[in-house]
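Chain by chain, the residues run as shown.
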Amino acid sequence: MVEGDHVKDNIILNIPHSGTYIPEEHNTLFRIDDLSEELRIMTDWYTDELFTFGYANNVIRNVSRLLVDTERFENDDEEEMAKVGMGAIYTRTSAGKLLKEFDAETRKKILEKYYYPHHLKLEKLTDEALMKYDKALIVDCHSFSSSVLQHEADKTFPRPDICIGTDEYHTPHYLIDTVIRFFEERKYKVKLNSPFKGTIVPLKFYHKETKVMSLMMIEINRKLYLDEKTLCKSKDFYKLHSILVMLLHKLHITIIHNT
């Protein structure tokens, strides 16, 4: 295990986009006039607070995705979002403007310091959950803008309240049904793999181990809990937090009783 990490249960929460911190040593890489505005648009605000569950293991990236995005494939040739300048290390903003410039050595250093440790922790927690419980469930925790952003491939509008991303190999149908039914019973509008799709699984297990289950992007429309201009939590923030705790508890019980 990574020192200080101990698996609590077979649920692992991956929270990669809640961070806003950009280390001072990397400030000179950025070429954008208003970095705070891009942070406002691109950060998954408060997802580290919304998705809290006592039984789960958290893998949280406190460094902003504008510096390094641990959700992307390391190799730009394998990463679809690299086509719009949003691979593991972004070069473009959400509006397609130049975000930052860097050389190969700088890219390597950023990956070594932030990207690899995040994935190592995710892999090791998954590995230990498998050894201890014989199954592991990764929940990838995100939020998304209520309006369509220029770089996004899915322009469908209006957007749902909840987007559930899945993988044919790693996401069991009973989990999909459980989550959709849970949200619809509470009157939320849910879409599957829209406006975002896919799932995060450590490469060690990707399309190799069915005992590693992944229900990615429980993606929450930010209008449900946030004033997207002021970034203040709305009156429904804690209600939504309680609902997500209930969902994670339900998933915890569900995977215990399903083999």
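Please refer to the structure higher up on the page.
The following refers to the structure shown.

About the cut-offs
- Residues numbered from 1 in each chain as written.
- Predicted model: local features only at pLDDT ≥ 70, side-chain atom pairs only at ≥ 80, totals over all residues.
- Heavy atoms only, no water.
- Phe/Tyr/Trp six-rings, centres within 6.5 Å; stacked < 30°, edge-to-face > 60°.
- Buried < 20%, exposed > 50% of the residue type's maximum accessible area, 1.4 Å probe, protein only.
- Lys NZ or Arg CZ within 6 Å of the ring centre and 35° of its normal.
- Helix = DSSP H or I, 4+ residues; strand = E, 2+ residues; numbered from the N terminus.
- Pairing = 2+ DSSP bridges.
- Right-handed = clockwise from strand over helix to strand, strands pointing away.
- Axes fitted to C-alpha atoms, helices over the stretch in contact; angles between N-to-C directions.
- Parallel < 35°, antiparallel > 145°, perpendicular 65-115°, else oblique.
- Left-handed = near helix turned anticlockwise from the far one by under 90°.
- Contact = heavy atoms within 4.5 Å.
- Nonpolar A, V, L, I, M, F, W, Y, C, P; charged D, E, K, R; others polar.
- Core = buried A, V, L, I, M, F, W, Y, C linked by side-chain atoms within 4.5 Å.
- Expected span 1.5 Å × (residues − 1).

**Notes on the packing of aromatic side chains**
At step 1: Summed over all chains, the structure comprises nine aromatic pairs.
At step 2: Ring centres of W45 and Y46 lie 6.1 Å apart, and the angle between their planes is 55 degrees; on these two criteria the pair is classed as tilted.
At step 3: Accessibility expressed as a relative area gives 15% for W45, which makes it buried.
At step 4: Between F237 and Y238, the ring centres sit 5.0 Å apart and the planes meet at 75 degrees, which makes this aromatic pair edge-to-face.
At step 5: Site record: aromatic cluster; members linked through ring pairs are W45, Y46, Y225, F237 and Y238.
At step 6: The ring centre of F237 lies 4.6 Å from the NZ or CZ of K233, which sits over that ring.

**Digging into the pairing of strand β4 (residues 162–165)**
At step 1: Side chains I162 and I164 of β4 all project onto a buried face; the interleaved residues C163 and G165 project onto the opposite face, where all are buried too.
At step 2: By the bridge criterion, three bridges tie β4 to strand β5 (residues 190–192) in an arrangement that is parallel. Bridge pairing in β5 places I164 opposite L192.
At step 3: Once you follow β4 into helix α4 (residues 173–185) and on to β5, the crossover reads as right-handed.

**A word on the packing of α4 against helix α5 (residues 237–256)**
At step 1: Contact geometry for α4 and α5: axes closest at 11 Å, N-to-C directions at 150 degrees. Considering their axes alone, α4 and α5 lie roughly antiparallel with respect to each other. The way α4 lies across α5 gives a crossing that is right-handed. On α5, the residues that touch Y174, L175, T178, V179, F182 and F183 of α4 are I243, L244, M246, L247, K250, L251, T254 and I255.
At step 2: When the residues that make up the contact of α4 with α5 are grouped by side-chain class, the tally is eleven nonpolar, two polar and one charged.

**Digging into the nonpolar core**
At step 1: Counting 36 residues, the largest nonpolar core has L13, F51, V139, I162, F183, I218 and I220 as the members making the most contacts within it.
At step 2: Taken together, the elements giving at least two residues each to this core come down to β1 (11–15), β3 (136–144), β4, α4, β6 (212–221) and α5.
At step 3: A per-element tally of this core places α5 first, with eight residues.
At step 4: Excluding residues that lie within four positions of it along the chain, I162 makes contacts with F183, Y188, K189, V190, K191, I218, E219, I220 and L224.
At step 5: Counting residues in hydrophobic clusters, the runner-up holds 21 residues, among them F30, L66, V68 and L149.

**A short note on α5**
At step 1: When the terminal C-alpha atoms of α5 are compared, their 29 Å separation across 20 residues agrees well with the 28 Å that a helix rising 1.5 Å per residue should span.
At step 2: Here α5 has its buried residues at F237, L240, H241, I243, L244, L247, L248, L251, H252, T254 and I255.

**Overview of unusual backbone geometry**
At step 1: Put simply, F157 and P158 share a cis peptide bond, and its omega is 5 degrees.
At step 2: On the secondary structure map, P158 appears in the loop between β3 and β4.
At step 3: Across the junction of S194 and P195, the peptide omega takes the value 10 degrees, indicating a cis bond.
At step 4: With respect to the helices and strands, P195 occurs in the loop between β5 and β6.
At step 5: Of note, the phi angle at Y46 is positive, near 65 degrees, even though the residue is not glycine.
At step 6: As for its position among the elements, Y46 is in the loop between α1 (35–42) and α2 (47–50).
At step 7: Unlike most non-glycine residues, D134 shows phi in positive territory, near 70 degrees.
At step 8: Here D134 is to be found in the loop between α3 (104–133) and β3.

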